[in-house]
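This is what each chain is made of:
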Amino acid sequence: MIRENIEWDIARQEFLTSEPFNHVIIDDFWQADIADQLYAEFPKYDDDKVWNGVYANAIENKKTCNFWDRFPKTTYKAFNFLGSDWLTDKIRFVSNRKDLSLDFGLHGGGWHAHANGGNLNLHLDYNIHPKLGEQRKLNIIIYMTPEWNNAWGGGLELWTHDPETKRPKTLDKLVDNVYNRAVIFDTTQNSWHGLPHEIQCPEDKSRNSLAIYYLSEAQSGAEQHTKALFAPTKEQEGDVQIYDFIKQRAGLK
């Protein structure tokens, strides 16, 4: 289902030497016909019968679906393939982590969509799976909107970590929203990422992506948060209500 000539040795080298945390970008991830089928199966943003996760608040504006029974044939097969032994072995090789396995429950994964005005504050993903007790180690996000204009925004921002404030410090890389581009990154290295600026796309467009997560046995001393930890935007700094909501969203209050 994916492009046959991906150079996994190069991907491993890039992943293990990248900053601000381990990551690699693989363009033309799916075979072209598969990518087009996946895009054709992606639900419309206003199809409220599909989305089981709807977020519209001060720190995130998006819709998600991780219900397998709502995935059409190609999408269903694609998520299964992402957890196959063959591909999982490739991901283990790239990340130098031997014990990874896909979260087939797609907790926090599946279809993701951001429409005009969509955003996602910089955040650290949940660390411990709330059902399995395993540690989330790796993300794969695959962009699924063709003919996207980068002037609309929607690129994934990767930020450095400030050990003193325990918040994101500086923007290190912007990964533009290019159709059929996969972004693979480690989630255990103070991996601040997000879409902190509102998307400005036409009303008939949305930033679509497939998202999956790989888990492994939790290491001793691993942080135990089971929900994402968000950071306020620059404009939200000092807003007590925002801070309280972030704590509530993270299950800290």
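Scoring rules and cut-offs
- Residue numbers here run from 1 along each chain, matching the order of that chain's written sequence.
- Local features in a predicted model are, by the rule used here, given only for residues with pLDDT of at least 70; side-chain atom pairs are given and counted only at 80 or more, and totals for whole chains, interfaces and linings are based on all residues.
- Here the side-chain values reflect all heavy atoms present in the structure, with hydrogen atoms and water set aside.
- Whenever a carboxyl oxygen of Asp or Glu lies within 4 Å of a side-chain nitrogen of Lys or Arg, that contact is scored as a salt bridge.
- A run of H or I in DSSP becomes a helix once it reaches four residues, and a run of E becomes a strand once it reaches two; helices and strands are each numbered from the N terminus.
- Convention adopted: a line fitted to C-alpha atoms gives each axis, helices being fitted over their contacting stretch, and angles between N-to-C directions are expressed from 0 to 180 degrees.
- Under this scheme an angle from 65 to 115 degrees is roughly perpendicular, one under 35 degrees roughly parallel, and one over 145 degrees roughly antiparallel; angles in between are oblique.
- The crossing is said to be left-handed when, going from far helix to near helix, the turn is anticlockwise and less than a right angle, and right-handed when the turn is clockwise.
- Two residues form a contact once any of their heavy atoms are found within 4.5 Å.
- Residue type decides the class: Asp, Glu, Lys and Arg count as charged, Ala, Val, Leu, Ile, Met, Phe, Trp, Tyr, Cys and Pro as nonpolar, and the leftover types, Gly among them, as polar.

A. Summary view of the pattern of salt bridges. Counted under the stated rule, the structure contains seven salt bridges. Between Asp89 and Arg92 there is a salt bridge, and its shortest N-O distance comes to 2.7 Å. You can see Asp89 and its partner Arg92 sitting in helix α4 (residues 85–95), three residues apart, about one turn around the helix. Here Arg167 makes a salt bridge to Glu237, at a shortest N to O gap of 3.1 Å.

B. Summary view of the packing of helix α2 (residues 32–41) against helix α3 (residues 73–82). Interhelical geometry of α2 versus α3 gives an angle of 120° and a closest axis separation of 8 Å. Comparing the axis directions of α2 and α3 gives the class oblique. Like other packed secondary-structure pairs, α2 and α3 cross with a definite hand, here left-handed. Only Lys73, Thr74, Thr75 and Ala78 of α3 make contact with α2, whose side of the interface consists of Ile34, Gln37, Leu38 and Glu41. Considered class by class, the residues forming the contact of α2 with α3 number three nonpolar, three polar and two charged.

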